[in-house]
Amino acid sequence: MEELRNKFLAIKKGDQKALEAVFRSFYQELFFFAYQFIGESDIAEEVVQDVFIQIWEKKESLDIQTSPKSYLYTAVRNRSLNYLKSKLAKIRSETEVSLDLVSDSSSEPADQKLSEEELILLIQKGVQSLPEKCRIIFKLSRDSGMTYDEIANELGVTKETVKSQIKIALVKLRQFLGKYWDIVGLIITWMLIKNIFFLSSFPLP
């Protein structure tokens, strides 16, 4: 921890190699953290890169009150949520109403809408469709707010297994939700911001 703090002090003084060293050390875990919010690898990569670009651009005024690692995670989380809020606002502007989901069934009216409660049920159904081990790990992370280490200890598996299963869960949820993913994925974040899903579900180190 002290070594990381020293690297940030070096960055503040204009040491680009120190910035590159921190980037190499934390890129993979920060990318996966961003991916949990965004669900798109390209955007998650951009988010992490943008955080480090901003650190460099504002290095002279860099003032870290928390631990450097928590600072990085907080910056990535905030940028991820800002991206999703911006995307949700754009969808709302383009569609005039963000919760209107047109059914693809010809037997149902074209203007059929899903309420917020129905969206939550749709998400819950998707979670229930996950393989048992995957579902348990995903719910422990999201509903119980447990860290990866805590889940690994609770279930007697490795931390890498936990990470892998959560990634699988996100992929399968995207497949399950199909055409609804773009809007439902944003609605999940919208609900997250409204404290329907708590930010504690994404614990910082």
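Because the structure is a prediction, the values reported are computed rather than measured. (Residues numbered from 1 in each chain as written. Predicted model: local features only at pLDDT ≥ 70, side-chain atom pairs only at ≥ 80, totals over all residues. Heavy atoms only, no water.)

Undergrad: Explain the overall build of the chain to me, please; I cannot follow it from the model alone.
TA: A tally of regular secondary structure across the chain gives nine helices and zero strands. Listing each helix as α and each strand as β along the chain from the N terminus yields α-α-α-α-α-α-α-α-α. Residues counted as buried form 40% of the 205 residues belonging to the chain. Put simply, of all contacts in the chain between residues at least 6 apart along the chain, 67% involve residues at least 24 apart. For the chain, the computed accessible surface area is about 11700 Å², with 49% contributed by carbon and sulfur atoms. (Helix = DSSP H or I, 4+ residues; strand = E, 2+ residues; numbered from the N terminus. Buried < 20%, exposed > 50% of the residue type's maximum accessible area, 1.4 Å probe, protein only. Contact = heavy atoms within 4.5 Å. Areas by Shrake-Rupley, 256 points an atom, 1.4 Å probe, with all protein chains shown as cover.)

Undergrad: Looking at this structure, I do not really get the nonpolar core. What am I missing?
TA: One recurring pattern in soluble globular proteins is that nonpolar side chains are buried together. Formed by 45 residues in total, the largest nonpolar core has its most connected members in Phe8, Val22, Leu30, Ile55 and Leu72. The set of elements that each furnish at least two residues to this core consists of helix H1 (2-12), helix H2 (16-38), helix H3 (41-57), helix H4 (68-95), helix H6 (132-142), helix H7 (148-155) and helix H8 (159-177). If one sorts the elements of this core by residue count, H2 sits on top with twelve residues. Excluding anything up to four places from it in sequence, Leu30 contacts Val48, Phe52, Leu72, Tyr73 and Val76. (Core = buried A, V, L, I, M, F, W, Y, C linked by side-chain atoms within 4.5 Å.)

Undergrad: I would appreciate a short explanation of the pattern of salt bridges in the present structure.
TA: Charged atoms that come close allow side chains of opposite charge to pair. With the rule as written, the count across this model stands at four salt bridges. Here Lys69 and Glu29 are joined by a salt bridge, their closest N and O atoms 3.8 Å apart. Of this pair, Lys69 sits in helix H4 while Glu29 is found in helix H2, placing the two residues 40 residues apart along the sequence. Between Lys159 and Asp149 there is a salt bridge whose closest N-O contact spans 4.0 Å. (Salt bridge = Lys/Arg side-chain N within 4 Å of Asp/Glu carboxyl O.)

Undergrad: Looking at this structure, how should I read a negative patch on the surface?
TA: Residues Asp42, Glu45, Glu46 and Asp50 make up a contiguous surface patch of negative charge. By relative accessible area, which is 32% here, Asp50 ends up partly exposed. (Patch = residues over 30% accessible without salt bridge, like charges linked within 9 Å, V, L, I, M, F, W, Y side chains within 5 Å. Lys, Arg positive; Asp, Glu negative; His and termini not counted. Charge placed at Lys NZ, Arg CZ, Asp CG, Glu CD.)

Undergrad: Looking at this model, I keep getting lost on the packing of aromatic side chains. Mind explaining?
TA: The relative placement of two aromatic rings is captured by the distance of their centres and the angle of their planes. Throughout the structure, instances matching the rule amount to seven aromatic pairs. A centroid spacing of 5.2 Å and a plane angle of 40 degrees characterise the contact between Phe23 and Tyr27, whose relative ring orientation is tilted. Taken together, the positions of Phe23 and Tyr27, both in helix H2 and four residues apart, correspond to about one turn of that helix. On the basis of relative accessible area, Phe23 is assigned to the partly exposed category, the value being 27%. You can call Tyr27 partly exposed: its relative accessible area is 21%. For the pair Phe32 and Tyr148, a centre-to-centre distance of 6.2 Å together with 65 degrees between the ring planes defines the contact as edge-to-face. Here Phe32 is found in helix H2, whereas its partner Tyr148 is found in helix H7, with 116 residues between them in sequence. Three or more aromatic residues joined by ring pairs make a cluster, and in this case those are Phe23, Tyr27, Phe31, Tyr35 and Phe52. The aromatic ring of Trp56 is capped on one face by Lys59, whose charged end is 4.2 Å from the ring centroid. (Phe/Tyr/Trp six-rings, centres within 6.5 Å; stacked < 30°, edge-to-face > 60°. Lys NZ or Arg CZ within 6 Å of the ring centre and 35° of its normal.)

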